Amino acid sequence: TVERGVLSVLQTRSAETEHMFEPRTFCAPGPACGRGIGVMGGAFRGVAAFNEDQARRLANSLNTDSAEVDGVLLVLENPVPDQIPLILSVDGLLAARGGSTSHAAVAVHGIDDRPYAAVLGVAELRVFRDEAVLVGLGGEVAFTLNFGDTVSIHGQTGEVYVGTREVLGVQPSTP
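Asks: Looking at this structure, I do not really get the overall build of the chain. What am I missing?
Replies: Helix and strand content of the chain: 3 helices and 13 strands. Counting over 175 residues, the chain shows a buried share of 38%. When contacts within the chain are restricted to residue pairs at least 6 apart in sequence, those whose partners lie at least 24 apart make up 64%. If you sum the accessible surface of the chain, you get close to 10100 Å²; carbon and sulfur atoms cover 51% of it.

Written as structure tokens, this is what we have:
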């Protein structure tokens, strides 16, 4: 490229990734309460954490045999490069800002040894220190998410649901 009379040679690289996990999907999830950019993965039901301490506490206490929850979901307003180690330590990411070429998206695309789901750029999501809200039309608060609440996301379609949703092929547990 030439800019102001200076010739610059740009390099490119292939960003193709090959993941060994088949994306899952939800079985009749109902209407989504938010939508962003599906960055990676498929259907994922996560327990919400808003910081490193909460994520660690949930990871230590989470029942991974549950048919209702798949892992820890980190909920952030705007992922920054300093948070990449935290993002990589959990099982899923939901963020109000960011896109398919953000630092967070590039980092999660490097995860190929385990399932991971990420949805970024959810316009309806507002994240605060220890809670998040999903706003509906007109800016009214539709749902409030707190630490430990379950949120379902779809890493391909970008859909966000409050609570757990049934995953196709995974039987819900009976009490």
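Asks: Would you mind going over the environment of Val151 with me for this structure?
Replies: Structurally, Val151 is set in strand β12 (residues 150-154). Contacts of Val151, omitting those with residues within four sequence positions, involve Phe44, Arg45, Gly46, Ala48, Leu73, Leu94, Leu145, Val160, Tyr161 and Gly163.

Asks: Would you mind showing me how to read the nonpolar core here?
Replies: Burial of nonpolar side chains together is a common tendency in soluble globular proteins. Among the nonpolar cores identified, the biggest contains 24 residues, and Val39, Leu74, Ile87, Leu93, Val108, Tyr116 and Leu120 are the most heavily contacted of them. In terms of residue count, helix α3 (residues 103-109) provides more of this core than any other element does, 4 residues in total. With residues up to four places along the chain from it excluded, the contact list for Tyr116 reads Met40, Gly41, Ile87, Val90, Asp91, Gly92, Leu93, Val108 and Ile111. With 19 residues, the next largest nonpolar core counts Ala48, Leu125, Leu134 and Ile153 among its residues.

Asks: Would you mind showing me how to read the sheet that holds strand β3 (residues 34-35) here?
Replies: As a general point, the strands of a sheet are linked pairwise by backbone hydrogen bonds and lie either parallel or antiparallel. The 8 strands are arranged β3-β13-β12-β5-β6-β7-β8-β4 in an open sheet whose pairing can be described as mixed. Edge positions in the open sheet fall to β3 and β4 (37-40), since each of these has one partner strand only. Of the pairings in the sheet, the one linking β12 to strand β13 (residues 159-162) comprises 3 bridges and is antiparallel in character. Considered in β13, the bridge of Ser152 is made with Tyr161.

Asks: Looking at this structure, how should I read a nonpolar patch on the surface?
Replies: A cluster of nonpolar residues, Val2, Leu7 and Val9, forms a patch on the protein surface that exposes about 370 Å² of accessible area. Of note, Val9 is situated in the loop between β2 (6-7) and β3. Of the residues examined, Val9 reaches a relative accessible area of 78% and is grouped as exposed.

Asks: Where do I start with the side chain of Gln54 in this structure?
Replies: Here Gln54 lies in helix α1 (residues 52-61). Within the structure, Gln54 has its side chain in polar contact with the backbone nitrogen of Phe50 (distance 2.7 Å). In this view, Gln54 contacts Ala49, Asp130 and Phe147; residues no more than four positions away in its chain are not counted.

Asks: Just to check I follow, could you spell out unusual backbone geometry for this structure?
Replies: Of all residues except glycine, most have a negative phi; of all peptide bonds, most are trans. At Arg4, a position not held by glycine, the phi torsion is positive, near 55 degrees. Counting through the fold element by element, Arg4 comes out in the loop between β1 (2-3) and β2. Accessibility expressed as a relative area gives 81% for Arg4, which makes it exposed. Of note in the backbone geometry, Ala28 takes a positive phi value of approximately 50 degrees without being a glycine. As for its placement among the helices and strands, Ala28 is situated in the loop between β2 and β3. Residue class for Ala28 comes out exposed when judged on its relative accessible area of 71%.

Asks: Sorry, what's going on with the pairing of strand β10 (residues 131-135) here?
Replies: Each regular strand carries side chains that alternate between the two faces of the sheet. The buried fraction of β10 is high, at 4 of 5 residues. By the bridge criterion, 3 bridges tie strand β9 (residues 125-127) to β10 in an arrangement that is antiparallel. Paired with Arg126 across the two strands is Val133, which belongs to β10. A loop of 3 residues connects β9 with β10, the two strands running antiparallel in sequence. Bridge analysis of β10 against strand β11 (residues 141-146) gives 5 bridges, and the strand direction is antiparallel.

Basis of the calculations
- Residues numbered from 1 in each chain as written.
- Predicted model: local features only at pLDDT ≥ 70, side-chain atom pairs only at ≥ 80, totals over all residues.
- Heavy atoms only, no water.
- Helix = DSSP H or I, 4+ residues; strand = E, 2+ residues; numbered from the N terminus.
- Buried < 20%, exposed > 50% of the residue type's maximum accessible area, 1.4 Å probe, protein only.
- Contact = heavy atoms within 4.5 Å.
- Areas by Shrake-Rupley, 256 points an atom, 1.4 Å probe, with all protein chains shown as cover.
- Core = buried A, V, L, I, M, F, W, Y, C linked by side-chain atoms within 4.5 Å.
- Pairing = 2+ DSSP bridges.
- Patch = residues over 30% accessible without salt bridge, like charges linked within 9 Å, V, L, I, M, F, W, Y side chains within 5 Å.
- Salt bridge = Lys/Arg side-chain N within 4 Å of Asp/Glu carboxyl O.
- Polar contact = N/O pair within 3.5 Å; in protein donor to acceptor, adjacent residues only side chain to side chain.

Just geometry here; none of it tells us what the structure is for.
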